[in-house]
Amino acid sequence: QVQLVESGGGLVQPGGSLRLYCAASGSIFRINTMGWYRQAPGKERELVAHITSGNSINYADSVKGRFTISRDNTKNTVYLQMNSLKPEDTAVYYCNADIAPTVWGRENYWGQGTQVTVSS
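Since the model is a prediction, treat every value here as computed from it, not as a measurement. (Residues numbered from 1 in each chain as written. Predicted model: local features only at pLDDT ≥ 70, side-chain atom pairs only at ≥ 80, totals over all residues. Heavy atoms only, no water.)

Peer 1: Tell me about the overall build of the protein chain, residues and numbers included.
Peer 2: Each helix and strand in the protein chain was counted, giving 0 helices and 11 strands. Mapped in sequence order, the helices and strands of the protein chain form the string β-β-β-β-β-β-β-β-β-β-β. Relative to the 2.2 N^0.38 estimate, which gives 14 Å for 120 residues, the radius of gyration of the protein chain is 14 Å and therefore close to what a compact globule would have. Across its three principal directions, the C-alpha atoms of the protein chain cover 50 × 25 × 25 Å. Buried positions account for 41% of the 120 residues belonging to the protein chain. Sequence separation of at least 24 residues holds for 55% of the intrachain contacts in the protein chain that already meet a minimum separation of 6. (Helix = DSSP H or I, 4+ residues; strand = E, 2+ residues; numbered from the N terminus. Rg over C-alpha atoms; globule rule 2.2 N^0.38 Å. Buried < 20%, exposed > 50% of the residue type's maximum accessible area, 1.4 Å probe, protein only. Contact = heavy atoms within 4.5 Å.)

Following this line, the structure appears as structure tokens:
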């Protein structure tokens, strides 16, 4: 059994910054790709950024130059540093991870989501 728990969301003014955290716990043999998705009201869920076990990183065009994804494999944690936030960044942000619970198998997991609101 694996759980992903996000934290760090909140209310921030335009131009401000937030740092999101996602920690994986439970039966974990290996974490492959970890990433952040977001879903705004009335919109489909979209990829924000992801990072592979080899530290290959992709960003959505809308966040390039403003957001930074990183991971700490010793803590089974992925981070999302968000700078120069805009009102259009307002959404629920979800952590996602591709995990092998044991030496056998591979499954995809989602966190419960954390709200990010950018407003003056």
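After that view of the structure, there is still more to cover.
Peer 1: Tell me about a nonpolar patch on the surface, and please be specific about residues and values.
Peer 2: A cluster of nonpolar side chains, contributed by Phe29, Val103 and Trp104, occupies part of the molecular surface with about 420 Å² of accessible area. On the secondary structure map, tryptophan 104 appears in the loop between β9 (91–100) and β10 (107–110). By relative accessible area, which is 70% here, tryptophan 104 ends up exposed. (Patch = residues over 30% accessible without salt bridge, like charges linked within 9 Å, V, L, I, M, F, W, Y side chains within 5 Å. Areas by Shrake-Rupley, 256 points an atom, 1.4 Å probe, with all protein chains shown as cover. Salt bridge = Lys/Arg side-chain N within 4 Å of Asp/Glu carboxyl O.)

Peer 1: With reference to specific residues and values, describe the packing of aromatic side chains.
Peer 2: The full count for this structure, using the stated rule, is 2 aromatic pairs. On the numbers, 5.6 Å between centres and 80° between planes, the contact of tyrosine 21 with tyrosine 79 is edge-to-face. One end of the pair, tyrosine 21, is in strand β3 (residues 18–26); the other, tyrosine 79, is in strand β8 (residues 77–82), with 58 residues separating them in the sequence. By relative accessible area, tyrosine 21 is classed as partly exposed at 36%. (Phe/Tyr/Trp six-rings, centres within 6.5 Å; stacked < 30°, edge-to-face > 60°.)

Peer 1: Give me the lowdown on the sheet that holds β3, citing residues and values where you can.
Peer 2: The strands that make up a sheet are held in pairs by hydrogen bonds between backbone atoms, and each pair lies either parallel or antiparallel. Taken in spatial order, the 4 strands line up as β1-β3-β8-β7 in an open sheet, and their pairing is antiparallel. For this open sheet the edge positions go to β1 (2–7) and β7 (67–72), each flanked by a neighbour on one side alone. Geometrically, the sheet is characterised by an average inter-axis angle of 15° between neighbouring strands, direction not taken into account. (Pairing = 2+ DSSP bridges. Axes fitted to C-alpha atoms, helices over the stretch in contact; angles between N-to-C directions.)

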